[in-house]
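Geometric and topological summary
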Amino acid sequence: LTGAKAEISADIVHEGDGPCIVIKGENARLEGLERDIRPLGGKNTIGVQVQAHGVVVRNVHVIGADTGIEINGARRVVLYHNYLESENVGVSAKKTDGLRITRNVIKGGNVGISLGAKPNGSCATGATVDNPGVVINKTHIEGAKVGVAACDALPVIKNNTITRNQVGLKMGDPGKGSGDS
């Protein structure tokens, strides 16, 4: 539904594979009310998957998913005040434009924020700018192998705490054809 607003009124325990919540309606808002989403399926689980433009995801706690929040092919998505503790990737963005990540806490896993990175945080050779206009602001990223892996983006990164990661920030060179395959 376009413009739909949904609230999570109780914690969610998801026992299957794949995403717990999928957002397909443009300009939708998901208000988590600081409730937990706990996928139990392990590998390939996703807390929230965004497939539509103009979506806002706020106050959601995703704990134990393979990927906390995944955005694929969506523009103007806002992630605000979420808590993500993921096994692999906190936020995964692919082919998105105008992503805003503000006031989130992202802990653990291989990659805190993946902008076109491989699951291990490395960048493919020959990346192009597939994630333009990304802004990461006032977000705390901790305990990942790579805090932010910006392989196909040139993000604006300001007022963040990126700490206790093996690598804080890994930048690819989109458009130049280099990477670390």
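This write-up is about the structure you can find in this document.

Criteria and cut-off values
Residues numbered from 1 in each chain as written. Predicted model: local features only at pLDDT ≥ 70, side-chain atom pairs only at ≥ 80, totals over all residues. Heavy atoms only, no water. Buried < 20%, exposed > 50% of the residue type's maximum accessible area, 1.4 Å probe, protein only. Helix = DSSP H or I, 4+ residues; strand = E, 2+ residues; numbered from the N terminus. Pairing = 2+ DSSP bridges. Contact = heavy atoms within 4.5 Å. Disulfide = S-S within 2.5 Å. Core = buried A, V, L, I, M, F, W, Y, C linked by side-chain atoms within 4.5 Å. Patch = residues over 30% accessible without salt bridge, like charges linked within 9 Å, V, L, I, M, F, W, Y side chains within 5 Å. Areas by Shrake-Rupley, 256 points an atom, 1.4 Å probe, with all protein chains shown as cover. Salt bridge = Lys/Arg side-chain N within 4 Å of Asp/Glu carboxyl O.

Most of strand 16 (residues 146–150) is tucked away, with five of its five residues classed as buried. Strand direction decides the pairing type here: strand 13 (residues 111–115) and strand 16, joined by four bridges, are parallel. The residue bridging Ser114 from the neighbouring strand is Ala149, located in strand 16. Sheet analysis places strand 16 next to strand 19 (residues 167–171), joined by four bridges and oriented parallel. By the bridge assignment, Val148 is partnered in strand 19 with Leu169.

With respect to the helices and strands, the residue Thr102 is situated in strand 11 (residues 100–102). We classify Thr102 as buried; its relative accessible area is 16%. Leave out the neighbours within four places in its chain, and Thr102 touches Leu79, Tyr80, His81, Asn137, Lys138 and Thr139.

Disulfide: a covalent bond formed between the sulfur atoms of two cysteine residues. Summed over all chains, the structure comprises one disulfide. The partner cysteine of Cys123 in its disulfide is Cys151, sulfur to sulfur 2.0 Å. In this structure the cystine formed by Cys123 and Cys151 twists about its S-S bond by roughly -70 degrees; its chirality is therefore left-handed. Of this pair, Cys123 sits in the loop between strand 13 and strand 14 (135–137) while Cys151 sits in the loop between strand 16 and strand 17 (156–158), and the two are 28 residues apart along the sequence. Each member of the pair, Cys123 as well as Cys151, carries the same accessibility label: buried.

Moving on: the nonpolar core. Val48 and Val57 are the most contacted members of the largest nonpolar core, which has 33 residues in total. If you list the elements that add at least two residues to this core, you get strand 3 (18–23), strand 4 (29–39), strand 5 (45–50), strand 6 (56–63), strand 7 (67–72), strand 10 (89–94), strand 13 and strand 16. With three residues, the single largest contributor to this core is strand 6. Those residues within four positions of Val57 in sequence are excluded, and the remaining contacts are Ile23, Leu30, Val48, Val50, Ile69, Val78, Leu79, Tyr80 and Asn82.

Moving on, we get to a nonpolar patch on the surface. Together, Val129, Leu154, Ile157, Ile162, Leu169 and Met171 give the surface a local cluster of nonpolar side chains, amounting to about 480 Å² of exposed area. Looking at where Val129 falls in the secondary structure, it is placed in the loop between strand 13 and strand 14. On the accessibility criterion, Val129 (39% relative accessible area) is partly exposed.

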